[in-house]
Amino acid sequence: MRAVSLLTGTLCLLRATSAEVAPEVTVVEEGYNYIAKLPCAGCPFLFQDTSEGLNEPWSERVDDNALLLNISLPYDSAFLAINNAPLYSGNRILPLVYANQVVQDFSADQLSTALDAGQLEASHESNLGGGFFGLSYRHSLRHVETSQTLEALLFQFDIVELHSDLTNPALRFNLDDPAQKMLEVLLIQRPVLSAGDPSPSFEILSAKLVPRMSLSYERTMHFLTWDTHGEKGTTSHAVSYGTSSLIGFLSSSFWALLGFVMAVIVVSIVVLLMCIFGWEFWKDDYEKAQHGKRRKSSVKSVRADVETGASIGKMKGRFKSAEELGLGLASRGQIVGMGKSD
Ligand SMILES: *[C@@H]1O[C@H](CO)[C@@H](O)[C@H](O)[C@H]1NC(C)=O
């Protein structure tokens, strides 16, 4: 019994080592799912010596290697996914895309084993022998002419930089080798089968690796300046971040939600009360100020206005925003006078 298992083990090993190298593109499901093995020209190969345990540090070596890209199109063509990251899903925020690294002569057998085990999901856990990178990429999707009446789309995806924090210091590698290729996927509209089909849906006609070229209508995603809320430092990022933190907080517990609703009610009431009573109070104050000023020398106040021109400008600005808030200041002349009294 033992001998048999030993024998099959050896046979498997022989088969694996003699197996052919995985092709550039492997079809998983015709029309919908392809795996590209994109040679990474000049990229450092990251590996971990796990003979001593799983917590050993990662190191770099020079070795021909490739990045695995899982290109997948759902049946409703709602988006196009690269390593589970949906592109063209209607969301303006570009997704973070990660990729696993393998040696260039990663075999077809190893690939199918990884596919069966669902190990291709780009993550730190997948154990394909190489590193794991965050990608900076440029991509584009455009219409192309076809002889048929069916619509065709050309998708191009080019990796421009690799990022990894497996190594210390973190690794950042620019893919500027002239031999570097990019991915090109041709999508073709599926014939409409029933009148009830909502919108044109597509299938993948071909996926291949081609020399790099300039892309039309391209959008670039720089890994370090983007996160799941978009490009850092932009307004849309702040809004997205704020909204999702709030939603995260509200859905964290019933009490958070209740607290939030109560807070909104309390703030509304306070604002309402301030509008009603605050207005009366402020009006009195304002009238007093205007009254006192009338007694002062008007010449002096005019000179002061000129001297403090700059700060008046600011003052105006400040009060203008109050005006916008609906506090109802009458006119600019009064605003200037008002600013001086303090
Ligand atoms: C490839 O991506 C699709 C869509 O995200 C996913 O369903 C599938 O499991 C992935 N395949 C592998 C082998 O990771």
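Fair warning: this is a prediction, and the values are worked out from it, not measured in the lab.

1. Topic: the state of the cysteines
- Enumeration according to the criterion identifies 1 disulfide in this entry.
- Two residues, C40 and C43, share a disulfide whose sulfurs are 2.0 Å apart. With the S-S bond torsion at -65°, the cross-link from C40 to C43 turns out left-handed. A single burial state applies to C40 and to C43, both of which are buried.

2. Let's talk about the site of the ligand
- Around the ligand, the surrounding shell consists of N70, S72, N84, L115, L120 and E121.
- Here N84 contributes a side-chain N or O atom positioned 2.5 Å from an oxygen atom of the ligand.
- For the ligand, the accessible surface in isolation is 360 Å², of which the surrounding protein chains cover 66%.
- Residue composition of the shell around the ligand, grouped by class: 2 nonpolar, 3 polar and 1 charged.

3. Let's talk about the pattern of salt bridges
- Evaluation of the coordinates by the stated rule reveals 5 salt bridges.
- The partner of K181 in a salt bridge is E24, and the shortest N-O contact between them spans 3.8 Å. Residue K181 is located in strand β12 (residues 181–189), and its partner E24 is located in the loop between α1 (2–18) and β1 (25–29); the two are separated by 157 residues in the primary sequence.
- Across the pair D158 and R138 runs a salt bridge, and its minimum N-O distance is 2.9 Å. On the criterion of sequence distance, the pair formed by D158 in strand β10 (residues 152–164) and R138 in strand β9 (residues 132–144) is long-range, its members being 20 residues apart. Like D158, the residue R138 is buried in the burial classification.
- Each member of the salt-bridge network shares a partner with another, and the members are R138, D158 and R212.

4. Let's talk about the side chain of D158
- D158 gets classed as buried once you look at its relative accessible area, which sits at 2%.
- Of note is the side chain of D158, whose polar atom sits 2.9 Å from the side chain of R212.
- Among residues more than four places away in sequence, those in contact with D158 are S136, Y137, R138, K181, M182 and R212.

5. Focus: the UniProt feature "transmembrane region" (unreviewed entry) in the chain
- The UniProt record marks residues 254–279 with the feature "transmembrane region" (unreviewed entry), using the residue numbering of this structure.
- Taken end to end, residues 254–279 is 100% helix and 0% strand, and its first and last C-alpha atoms sit 37 Å apart.

6. Observations concerning the environment of F106
- Among the structural elements, F106 can be located in the loop between β8 (98–103) and α2 (108–116).
- Judged by its relative accessible area of 3%, F106 falls in the buried class.
- Look past the residues within four positions of F106 in its chain and what remains in contact with it is V21, A22, K37, L68, L111 and L128.

Criteria and thresholds
- Residues numbered from 1 in each chain as written.
- Predicted model: local features only at pLDDT ≥ 70, side-chain atom pairs only at ≥ 80, totals over all residues.
- Heavy atoms only, no water.
- Disulfide = S-S within 2.5 Å.
- Buried < 20%, exposed > 50% of the residue type's maximum accessible area, 1.4 Å probe, protein only.
- Near = heavy atom within 4 Å.
- Polar contact = N/O pair within 3.5 Å; in protein donor to acceptor, adjacent residues only side chain to side chain.
- Areas by Shrake-Rupley, 256 points an atom, 1.4 Å probe, with all protein chains shown as cover.
- Nonpolar A, V, L, I, M, F, W, Y, C, P; charged D, E, K, R; others polar.
- Salt bridge = Lys/Arg side-chain N within 4 Å of Asp/Glu carboxyl O.
- Helix = DSSP H or I, 4+ residues; strand = E, 2+ residues; numbered from the N terminus.
- Contact = heavy atoms within 4.5 Å.
- UniProt positions renumbered as here; feature names shortened; annotations may be inferred.

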